[in-house]
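# Remarks on the overall topology
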Amino acid sequence: MSLNPLTSAELKELTDGLHRLARNLWWSWDQDAQELFHSLSPRGWQNLYHNPVAILHEVSDYELRVRLQDPELATRVRKTLADFKAYLEEPQTWAAAHAPKLAKNPVAYFSAEFAFHECLPIAAGGLGALAGDHTKSASDLGLGFVGISLFYREGYFQQSINNDNWQQENYNPLNPRNLPLDPVVDGSGKPVVGSVRIFGQPIHFHAWRINVGRVPVYLLDTNRPENEGQYRDLTNRVYGGDTTTRIMQEILLGVGGVRLLRALGIQPSTFHMNEGHAAFLTLELIREKMAAGKSYAEAGDLTRQECIFTTHTPVEAGHDRFSSDLVQLAGGTFQTDLHIGHDQLMELGNEHPGKAGSPFCMTALALRFSRAANGVSELHGEVSREMWKGYYGKTEASEVPIGSITNGVHLVGWVKGPMRRLWMRKFKETGGEPKRFVYDANTPEFWNRMADPTVTSDEELWAMRYRLRRELIEFARRRLLIQGRSFSSGDFITFDAMLNPDALTIGFARRFATYKRAPLIFDQFDNILKLVRDTSRPVQFVFAGKAHPRDEHGKAFIQKIIHLSKFSELKGHLVFIENYDIHVCRQMVSGCDIWLNNPRRPLEASGTSGMKTTPHGCLNLSILDGWWREDFDGTNGFGIGPDSHPEDVQEQDRVDSANLYKVLTEEVVPTFFNRDATGIPRQWIARIRRSLVTLAAKYSTWRMVQEYTGKYYLTRPGL
Ligand SMILES: *Cc1c(COP(=O)(O)O)cnc(C)c1O
């Protein structure tokens, strides 16, 4: 190591490099990069919610230059920047071999939400998490890919709980300058501005670019001086406001998204609509073709060849429907642009073709102009075929052209630090090349190797499980202290008695949509109390999740759980962590021993949070719905009930609650507490190994995006 001070040219190279690094979300799945920003300002890392751009505003360039004279730090920075460069420039990607044509004509992936990292809270839940993970894997695979969404300046709400244990929604404006966002500008440095017509008026937008590894994602933003106040606020909130705001946001996303791509000179080969929100893009594609001289019918056929559509839920409320009046007022321009009458426009969104008086359904529009459509698990594919058979005029669901690709998660991005270090160490010890980790961790061979007892011993796995559980408990205690209200005066539970590091820790966290039945397990309250009180085999629960601002039933579920956590005998053994987001999710999927999922079957189209638990050695305990029914085999976790369900929902709740309690007491608790002389639960660990081997690689977006590419992206006629 050289003891000569760095020259100012060298210093500039390193500081510029750090700024570039901070502005590419690649750091969000590279551990060294995160640790580097953490070490620049440990307090800042925590207080600024792990946001490198904000850290570099906190740490001045002057300070950086001084500290880079520390050879150890300079070496780390150089190595991380070299890794970053190598990743960006890697020539031998999967797509270079399997999808080279998409390099020039990429896939344009439209999604109303993307969840990439906790510092950029512009998503409401699972749909956004999936879109974010899809994008990260598209980058890892080297795929020609570009994302389109909206910049929600106030993001999704921050949750707090009031004295009545009722959810409150708070909105804090984000500052784009303090986020990994670059303004989209033209060659002369001026913002690229586009417009769409809504309610007969032009609404202007500019855009922000997020660099996600090798892939760009563009966010449209109507906060422009040309717009009237109400339109400047159009992109304020994720799914904000009423149906009027909603249709306006969706016209902006679909039509504005296509216009932005054209302005940037991007000519996608396929437009992928992630859920129906973006389906107005099809009308813009038709308009373009008609403006170039095609007939309406020809333009429709050509547009259909360009688009694919993924539907994400069988829940009715998840399918946007707009009234005839609203479509007339907000989207009247479509009629002029496409030279069609109002009835003809309404027919494009009619889920019961030919039937007068139906609302305008975005799913119907998306299906009408897609060359292929899919659900997000095998069962959801089946359910969707049944659901849309009327639309296709079929009597047999099997004749409905909706396929399925089961969701996944971006594994490497989800694995928490200590666990990731363990897997990295094992990878190196068994001959793996560190820079291949981000790729190889998605393969079955990798997990076979990791799960081999001669590579990772029971003792090491169990030690890691203890460490992760303790980290979750300490995280929960810290959060509860901030939440404050849990500890009122006269409260005898001291802080350290809250949650027990030896207890079997059961986690439940997701949106509090009612079909997910968050409080189901407490239907058996007396029985659960017995489990919790068993001091030789203690069980405890950690819950988190947000209810949609207008979902009173979901909020009542939250209230019930918090009430139990404060005023019932479950106190100290049940906690609710406020403000669920990616960061809380990561703490929970890593620290819990059991991940509970008890939706009302078949409404959980796929579910993805359970997939995030696997690489941490947390086991799933789930109804056989969505992804879980595809690979639960009796040895790799726990199933609740059979691969079928009663028609009657009350009956279903009753049966599921009984089955849940049964498997908990007969299998989960005994296996977890069946310890050998050294205190290790050998059979539990055997299940962890089975879970690693059978689930980790399969439920990754690495596999999922390859499947989309082969089945849908490369099947564009003429590509
Ligand atoms: C993964 C994830 C979800 C999805 O959870 P499900 O169990 O699939 O509903 C929701 N919210 C956040 C923040 C996530 O990270």
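Residues numbered from 1 in each chain as written. Predicted model: local features only at pLDDT ≥ 70, side-chain atom pairs only at ≥ 80, totals over all residues. Heavy atoms only, no water.

### Remarks on the site of the ligand
For clarity, the threshold we go by: Any residue with a heavy atom lying within 4 Å of a molecule or strand is counted as near it. For this analysis, a polar contact is any N or O atom pair within 3.5 Å, provided that within protein one partner can donate a hydrogen and the other can accept it, and provided that sequence-adjacent residues contribute only side-chain to side-chain pairs. Only the protein chains shown count as cover for residues, and all accessible areas are computed by the Shrake-Rupley method using a 1.4 Å probe. Here a strand is any run of E in DSSP of at least two residues, a helix any run of H or I of at least four, and the numbering for each starts at the N terminus. When residue character is reported, Ala, Val, Leu, Ile, Met, Phe, Trp, Tyr, Cys and Pro are called nonpolar, Asp, Glu, Lys and Arg charged, and the others, Gly included, polar. Domain start and end points were adopted from an automatic or database domain assignment.
Residues in contact with the ligand amount to 14 residues; listed here are only the nearest, Arg 510, Lys 516, Thr 608, Ser 609 and Lys 612. Thr 608 places a main-chain nitrogen or oxygen 2.7 Å from an oxygen atom of the ligand. The side chain of Lys 612 places a nitrogen or oxygen atom 2.6 Å from an oxygen atom of the ligand. Computed on the free molecule, the ligand has an accessible area of 390 Å², of which 92% lies beneath the protein chains in the complex. The set of elements that each furnish at least two residues to the shell around the ligand consists of α8 (126–141), α25 (582–591) and α26 (609–613). By residue class, the composition of the shell around the ligand is five nonpolar, five polar and four charged. Structurally, the shell around the ligand is a two-domain feature, drawing no fewer than three residues from each of domain 2 (95–407 + 706–715) and domain 3 (411–699).

### Considering the pattern of salt bridges
Quick reminder of the rule: Salt bridge, as used here: a side-chain nitrogen of Lys or Arg that lies within 4 Å of a carboxyl oxygen of Asp or Glu. A simple rule labels every residue: compare its accessible area, found with a 1.4 Å probe on the protein chains alone, to the largest value its type can have, and call it buried under 20%, exposed over 50%, or partly exposed in between.
Applying the stated criterion across every chain yields a total of 50 salt bridges. Linking Asp 534 and Arg 537 is a salt bridge whose minimum nitrogen-to-oxygen distance equals 3.7 Å. Judged by its relative accessible area of 26%, Asp 534 is partly exposed. Among the residues examined, Arg 537 registers a relative accessible area of 33% and is labelled partly exposed. Put simply, Asp 458, Glu 459, Asp 676, Arg 682 and Arg 689 are held in one network by salt bridges that share partners.

### Examining the sheet that holds strand β15 (residues 504–509)
Spelled out, the test is: Note: two strands are recorded as paired if DSSP finds a minimum of 2 bridges between them. Only the stretch in contact is used when a helix axis is fitted, and all axes are lines through C-alpha atoms; the angle between N-to-C directions ranges over 0 to 180 degrees. Contacts were defined at the residue level, with two residues in contact if any of their heavy atoms lie within 4.5 Å.
Pairing is parallel across the open sheet formed by six strands, whose spatial order is β17-β16-β15-β18-β19-β20. Sheet topology places β17 (574–577) and β20 (638–640) at the edges, where each strand pairs with a single neighbour. Neighbour-to-neighbour, the strand axes of this sheet turn through a mean angle of 20°, independent of strand direction. Pairing of strand β16 (residues 539–544) with β17, which is carried by four bridges, proceeds in the parallel orientation. Each bridged residue has a counterpart across the sheet, and for Val 542 the counterpart in β17 is Val 575. Together, β15, β16, β18 (594–597), β19 (619–623) and β20 form the strand contacts of helix α28 (residues 649–673), whose direction differs from that of β20 by roughly 165°.

### What about the domain arrangement of the protein?
Here is the rule: Note on terms: buried area is the combined drop in 1.4 Å-probe accessible area of two parts once they are placed together, counting the loss on both.
The domains assigned to the protein are domain 1 (8–89), domain 2 (95–407 + 706–715) and domain 3 (411–699). Taking only C-alpha atoms into account, the centre of domain 2 sits 32 Å from that of domain 3. Taken residue by residue, the interface counts 37 residues in domain 2 and 43 residues in domain 3. Where domain 2 abuts domain 3, roughly 3200 Å² becomes buried across the two surfaces, and 53% of that area is made up of carbon and sulfur atoms. If you sort the residues of domain 2 by the area they bury against domain 3, Gln 159, Asn 165 and Trp 166 come out on top, with a joint share of 21%. At the boundary of domain 2 with domain 3, the tally comes to two salt bridges. The residue Glu 118 makes a salt bridge to Arg 586 at a minimum N-O spacing of 4.0 Å. Sorting the residues of the side of domain 2 that touches domain 3 by element identifies α8, β3 (158–161), β4 (167–170) and α17 (378–387) as the ones contributing at least two each. When grouped by side-chain class, the residues that make up the side of domain 2 that touches domain 3 number 15 nonpolar, 15 polar and seven charged.

### Topic: the pairing of β16
As a reminder of what qualifies: For a crossover, the right-handed case is the one in which the path from the first strand over the helix to the second runs clockwise, viewed with the strands pointing away from the viewer.
The buried fraction of β16 is high, at six of six residues. Of the two faces of β16, both are covered, the one formed by Val 539, Phe 541 and Phe 543 as well as the one formed by Gln 540, Val 542 and Ala 544. Sheet topology places β15 next to β16; six bridges connect them, and they run parallel. Across the sheet, residue Gly 507 finds its bridge partner in β16, namely Val 542. Each parallel crossover has a hand, and for β15 linked through helix α23 (residues 525–533) to β16 it is right-handed. At this point the chain moves from β16, through helix α24 (residues 552–567), to the parallel β17, and the crossover so formed is right-handed.

### Quick notes on unusual backbone geometry
Residue Pro 602 follows Arg 601 across a cis peptide bond; omega there is 0°. Within the secondary structure, Pro 602 sits in the loop between β18 and α26. One non-glycine residue, His 339, adopts positive backbone phi at about 55°. Looking at the secondary structure, you find His 339 in the loop between α14 (332–338) and α15 (342–348). You can call His 339 exposed: its relative accessible area is 64%.

### What about the packing of aromatic side chains?
The criterion, for reference: Aromatic rings from Phe, Tyr and Trp, with only the six-membered ring used for Trp, were paired whenever their centres fell within 6.5 Å, and each pair was classed as stacked if the ring planes differed by under 30 degrees, edge-to-face if by over 60, and tilted otherwise. Think of it as a cone above the ring: NZ of Lys or CZ of Arg counts as a charge over the ring if it is within 6 Å of the ring centre and within 35 degrees of the ring normal.
For the structure on display, the rule yields 34 aromatic pairs. Judged by centre distance (5.7 Å) and plane angle (80°), the ring pair of Trp 462 and Tyr 466 falls under edge-to-face. You can see Trp 462 and its partner Tyr 466 sitting in helix α22 (residues 458–483), four residues apart, about one turn around the helix. Centre to centre, the rings of Phe 522 and Phe 541 are 5.5 Å apart; their planes meet at 70°, and the pair counts as edge-to-face. In this pair, Phe 522 sits in the loop between β15 and α23 while Phe 541 sits in strand β16, placing the two residues 19 residues apart along the sequence. Residue Phe 522 shares its accessibility class with Phe 541, and that shared class is buried. Put simply, the rings of Trp 462, Tyr 466, Phe 638, Phe 672, Phe 673 and Trp 684 touch in pairs and so form one group of aromatic residues. Here Arg 237 stacks its cationic end above the ring of Tyr 171, 3.4 Å away from the centre of that ring. The ring of Phe 508 carries the charged tip of Arg 510 above its face, separated from the ring centre by 4.5 Å.

### Concerning the side chain of Arg 368
The criterion, for reference: Charged-residue counts in this description rest on Lys and Arg as positive and Asp and Glu as negative, His and the chain ends being excluded.
Position of Arg 368 relative to the elements: it lies in helix α16 (residues 362–368). The buried charged residue Arg 368 lacks any salt bridge, with Glu 347 as its nearest oppositely charged partner at 5.2 Å. Setting aside its immediate chain neighbours within four residues, Arg 368 contacts Arg 304, Glu 347, Leu 348, Asn 350 and Tyr 391.

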